[in-house]
Amino acid sequence: MEIRTPETSDTEMINAVASKATEILRKIYKPRQAKSDKARSTPEALTKLVALNNRHIVGVVEYVEKNDHIYFQGLAVEPSRHRQGIARALITRLEKLCTERDLQKLALATIEETGNVQVFERLGFGVVEREQTDQYESDLYDILHIVKMVRIVVRPVQAKQI
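Cut-off values and rules
Residues numbered from 1 in each chain as written. Predicted model: local features only at pLDDT ≥ 70, side-chain atom pairs only at ≥ 80, totals over all residues. Heavy atoms only, no water. Helix = DSSP H or I, 4+ residues; strand = E, 2+ residues; numbered from the N terminus. Expected span 1.5 Å × (residues − 1). Buried < 20%, exposed > 50% of the residue type's maximum accessible area, 1.4 Å probe, protein only. Pairing = 2+ DSSP bridges.

Q: Report on helix H3 (residues 86–100), specifying residues and quantitative values.
A: In this model H3 runs 21 Å from its N-terminal to its C-terminal C-alpha over 15 residues, within 8% of the 21 Å that 1.5 Å per residue would give. Within H3 the residues assigned to the buried category are Ile86, Leu90, Ile91, Leu94, Glu95, Leu97 and Cys98. Of the residues trailing H3, Asp102 is marked for its positive phi of about 60 degrees.

Set out below in structure tokens:
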């Protein structure tokens, strides 16, 4: 599997993967209109990485560097490719970026009711905050919770030269 920054010609495939992944989540929750309009005006520039298998994009993630960490969102994997290590490969690349930039952790936020908290825990993330949110609505749940999670980046120990 190859992980790289996207090229202009990747846009259609990126959108297809993100759309399929988001379609599953939208059965559980969706942004409230007023909040989502405000969220879209966020000035932070996000960078993307894509995962390719046989020259086809099978995963994508967006991220931004902040102070001592990389925050990522929009981690999307082609639904037919779940549980094949694609999300792990994208997160591993983000972790490598942290190491290269001397950043201490990876961070994310997810909606608890999607079941993704357990997925990220298996990938080494821990919950640092959980709160009820009114930014999203659901036909399935009366109350939704946003969970903030962090994974500390472990740097390789370098042997001392004698």
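Resuming the write-up.
Q: Outline the pairing of strand E4 (residues 56–66), supporting the account with residue identities and numerical values.
A: Of the strand pairs in this sheet, strand E3 (residues 47–53) and E4 are connected by seven bridges, and their pairing is antiparallel. Bridge pairing links Thr47 to Tyr63 in E4. The turn joining E3 and E4, which pair antiparallel and follow one another in sequence, is formed by two residues; a positive phi near 50 degrees is taken by Asn54. The sheet contact formed by E4 and strand E5 (residues 69–77) spans seven bridges and is antiparallel. Looking at the pairing, Glu62 lines up with Gln73 of E5.

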